[in-house]
Amino acid sequence: MNSAMPFEWILAIRFMRQARMQTLLIMAGVALGVSVIVFISALISGLQSNLFRRTLDFQAQIIILPPKEVSRPLHQAGGGVMLATLVQPRAQRLQSVDQWQTVLAQVAKMDGVSVVAPVVSGAGFIVRGEANKAVGLTGIEPETYLQLIALNSKIIAGTANITGTDILVGMDLAKDLGVWTGDKLNLQTASGGTATLSIRGIFDFGNSGLNSRSVYIALRTAQSLLDLSGGVTSVEANLDAPFTAETVAQTIQAQTGLKVDSWIATNAQFFSALEAQSMSNTVIRFFVGLTAALGIASVLVVSVVQKSKAIGILRATGTSRQQILRLFLLQGALTGLMGSLLGALVGWLFLNAWRNIAVNADGTPIFVIDFDPMLFVYAAVGATLVGILAALFPALQAARLDPAVAIRG
Amino acid sequence: MADFNAITLQLKGIRKAYNIGLPAETEVLHGLDLTIARGEFVALIGPSGSGKSTLLNLIGLLDKPTAGELLITGQPTTQLQDRELTLLRAKAIGFVFQFHNLLPEFTALENVMLPLLAARGRPDEAMRLRAAELIEQVGLTNVGKHMSNDLSGGQQQRVAIARALVMQPALVLADEPTGNLDTKAADNVFDLLRRVNEASDTSFLIVTHDPRLAQRCDRIIELVDGRIDSDKANRVSRP
Ligand SMILES: Nc1ncnc2c1ncn2[C@@H]1O[C@H](COP(=O)(O)OP(=O)(O)O)[C@@H](O)[C@H]1O
Ligand SMILES: [Mg+2]
């Protein structure tokens, strides 16, 4: 007997050790449940941060656009007025954000805005020899834009720091055209602009659509190619706190009268998926907890019956009701605690194995797993509480046992 | 030392009924009056079903009488709450049952320590020494470290006696302590009880079916159908 240990602990541990098979089975049950929770939680939070990162790697958190038009005069010739309804969002002729420098300065001054950048985007063709490829071109100022989008980290050759006659192309486009950094390309637009640009960098977004259809050029070059002289098609910004984007977007919209999109609004589906995942995780935790509680309770109910003689003898030799109550609560708590620690360990080993198994051909993981060590603590505390709650009914039963009846057997 | 004639146990009109309020209601003990003095060594005999175990459970404060008063070392007990009953039981009463006296999860020595442990909360060296001393006193010096299941029936009863004595109770209640033993082991266990009694003030109330053993007690009480049929002093012939 360990001198540091109170009476109830000594009894609880001896009882659990003696009923070895019951104890091991119920702990294995709790451990299994906890390992499922650990595994699924890590998987879901990994999935979430992965999706989050993937989205914000390609997209500014706030995009300010010209106001959405219902109709506008398209062309005025002679005395007649021709009205055309604009149905397609992307008109042949691009519209600039009105007084964009003022808007940009205004947004830059707002609290919580970390970076603001002007952007020109439109359509063009890459012409090289016989080949002719349609591309979406984005005109940027690298000083600001590279803080907005994680373009730098996607560069596999050359640099993203472009000037007037440079172009960045995707890996797939470069392969299709058989070009590499330093090679020259001809870029043309529908409005008749044309420029010969040299490839300054090659990027890989991990997405063949983007890799074969996006190109980046300098803002001024894009303005002249797209006939926007001095205009930009959007002003884009990032925030210190990405999840405040929707409220900030609404503030800017109210102040400027421009159309302002937040990444939260444009990815509404993504956010409802996140919510569904969190919800299903909660449901899983609830049912695992309930199952563990029922398991612990049923083992202890049986144990109270099996130990009734011992309980009677303990009561006859001076053990109080409260001590018997604590003895069984403690068995529930210990079962929950040990089971959860074992389960957290198993879950963690399983995660590591998963990391090594679920990999792409190039060795990178298919799922990024995000393991928070605090999960061990939460699991241990949660399972201990579940154990105590589960033990409540059997413990009360044990404490209320009539010792005279128990001893008579 | 207190007065030799001090009263260890007093029963006044003790009744016990089971299944109260049900059609099966039966009164098992019908108003018992009984006094046991300090240091008395008393046999309780009677046919099976006469209420001996029921009486022992009442005296041991494991059960409550339906009527009457029960005093342990002068203290009335029927109005006490469970907590106070537990304390009084721990302090004043030692139990020895017929079977399954010991907790199989513990060694012989640890079984003897249990009442001390329950009373004080944590084990200490003094407890261990006290338990070892009693183990020796009951003649089991070498088996203290054995798990209680590994002991013979006679050895288990000796350990149970040591445990019953560990709190130095005023009264030891033994319900057929030798009922499960062969004649030789029964004799030895009985001798042990007798010796402990002679060396201390502790009173003993021993239920037995064996007339030979009853004859070795100072007093023989016979219970028949829940009433005291006879209560006689017995002259013990000592070797
Ligand atoms: N818990 C109980 N409920 C109902 N009847 C009981 C209970 N315990 C004992 N009895 C009855 O009380 C009577 C006396 O039993 P008991 O005290 O065990 O007798 P003894 O120990 O002398 O053999 C018996 O008829 C028995 O059936
Ligand atoms: Mg009996």
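Residues numbered from 1 in each chain as written. Chains lettered and ligands numbered in written order. Predicted model: local features only at pLDDT ≥ 70, side-chain atom pairs only at ≥ 80, totals over all residues. Heavy atoms only, no water.

Novice: Can you help me understand empty space enclosed by the protein in this one?
Specialist: If a probe the size of a water molecule is rolled over the atoms, the empty space left behind becomes visible. On inspection of all chains with the given rule, the structure shows three cavities of 30 Å³ or more. Of the pockets and cavities examined, the largest cavity occupies roughly 120 Å³. What lines the largest cavity is a set of 13 residues, and nearest its centre among them are Met16, Thr23, Val299, Leu300 and Gln331 of chain A. For the lining of the largest cavity, the elements supplying multiple residues, two or more each, are helix H1 (7-18), helix H2 (20-58), helix H10 (268-306) and helix H12 (321-357) of chain A. The element best represented in the lining of the largest cavity is H10 of chain A, accounting for four residues. The calculated volume of the second largest cavity comes to roughly 70 Å³. Forming the boundary of the second largest cavity are Ala316 and Thr317 of chain A together with Arg89, Ala90, Ile93, Gly94, Phe95, Pro115, Arg163, Ala164, Met167 and Pro169 of chain B. Secondary structure elements with two or more residues in the lining of the second largest cavity: helix H2 (82-92), strand S6 (93-96) and helix H5 (153-165) of chain B. When residues of the lining of the second largest cavity are assigned to their parent elements, the largest contribution, three residues, is made by S6 of chain B. Classifying every residue of the lining of the second largest cavity gives eight nonpolar, two polar and two charged. (1 Å grid on protein atoms, 1.4 Å probe; cavity = no way out; pocket = protein on both sides within 12 Å on 5 of 7 lines; lining within 4 Å. Points joined across faces, edges and corners; volume = space filled by probe spheres on them. Helix = DSSP H or I, 4+ residues; strand = E, 2+ residues; numbered from the N terminus. Nonpolar A, V, L, I, M, F, W, Y, C, P; charged D, E, K, R; others polar.)

Novice: Help me understand the pattern of salt bridges in this model?
Specialist: Should their charged atoms come close, side chains of opposite charge can pair. Tallied over the full model, the rule gives 22 salt bridges over all chains. Notably, a salt bridge pairs Asp82 of chain B with Arg315 of chain A, separated by 3.0 Å at the nearest N-O pair. You can see Asp82 of chain B sitting in helix H2 and its partner Arg315 of chain A sitting in helix H11 (residues 308-316), one on each of two chains. On the basis of relative accessibility, which here comes to 1%, the residue Arg315 of chain A falls in the buried class. Note that Arg219 of chain B is salt-bridged to Glu40 of chain B, the shortest N-O span being 3.0 Å. Here Glu40 of chain B lies in the loop between strand S2 (26-37) and strand S3 (41-45) and Arg219 of chain B lies in strand S9 (residues 219-224), a separation of 179 residues in the sequence. One continuous salt-bridge network, built from bridges that share partners, spans Asp187, Asp191, Asp210, Arg212 and Arg216 of chain B. (Salt bridge = Lys/Arg side-chain N within 4 Å of Asp/Glu carboxyl O. Buried < 20%, exposed > 50% of the residue type's maximum accessible area, 1.4 Å probe, protein only.)

Novice: It is not clear to me how the packing of H10 of chain A against helix H13 (residues 374-400) of chain A should be interpreted in this structure. Could you clarify?
Specialist: Helices that pack against each other are described as a pair by the angle of their axes relative to one another and the distance between those axes. All names here are of chain A. Where H10 contacts H13, the two axes come as close as 8 Å, and the packing angle between them is 40°. Two packed elements cross with a definite hand, and for H10 against H13 that hand is right-handed. Taken together, the residues of H13 that come into contact with H10 (itself represented by Arg285, Gly289, Ala293, Ile296, Ala297, Leu300, Val301 and Val304) are Leu375, Val386, Gly387, Ala390, Ala391, Phe393, Pro394, Gln397 and Ala398. The class makeup of the residues in the contact of H10 with H13 is 13 nonpolar, three polar and one charged. (Axes fitted to C-alpha atoms, helices over the stretch in contact; angles between N-to-C directions. Left-handed = near helix turned anticlockwise from the far one by under 90°. Contact = heavy atoms within 4.5 Å.)

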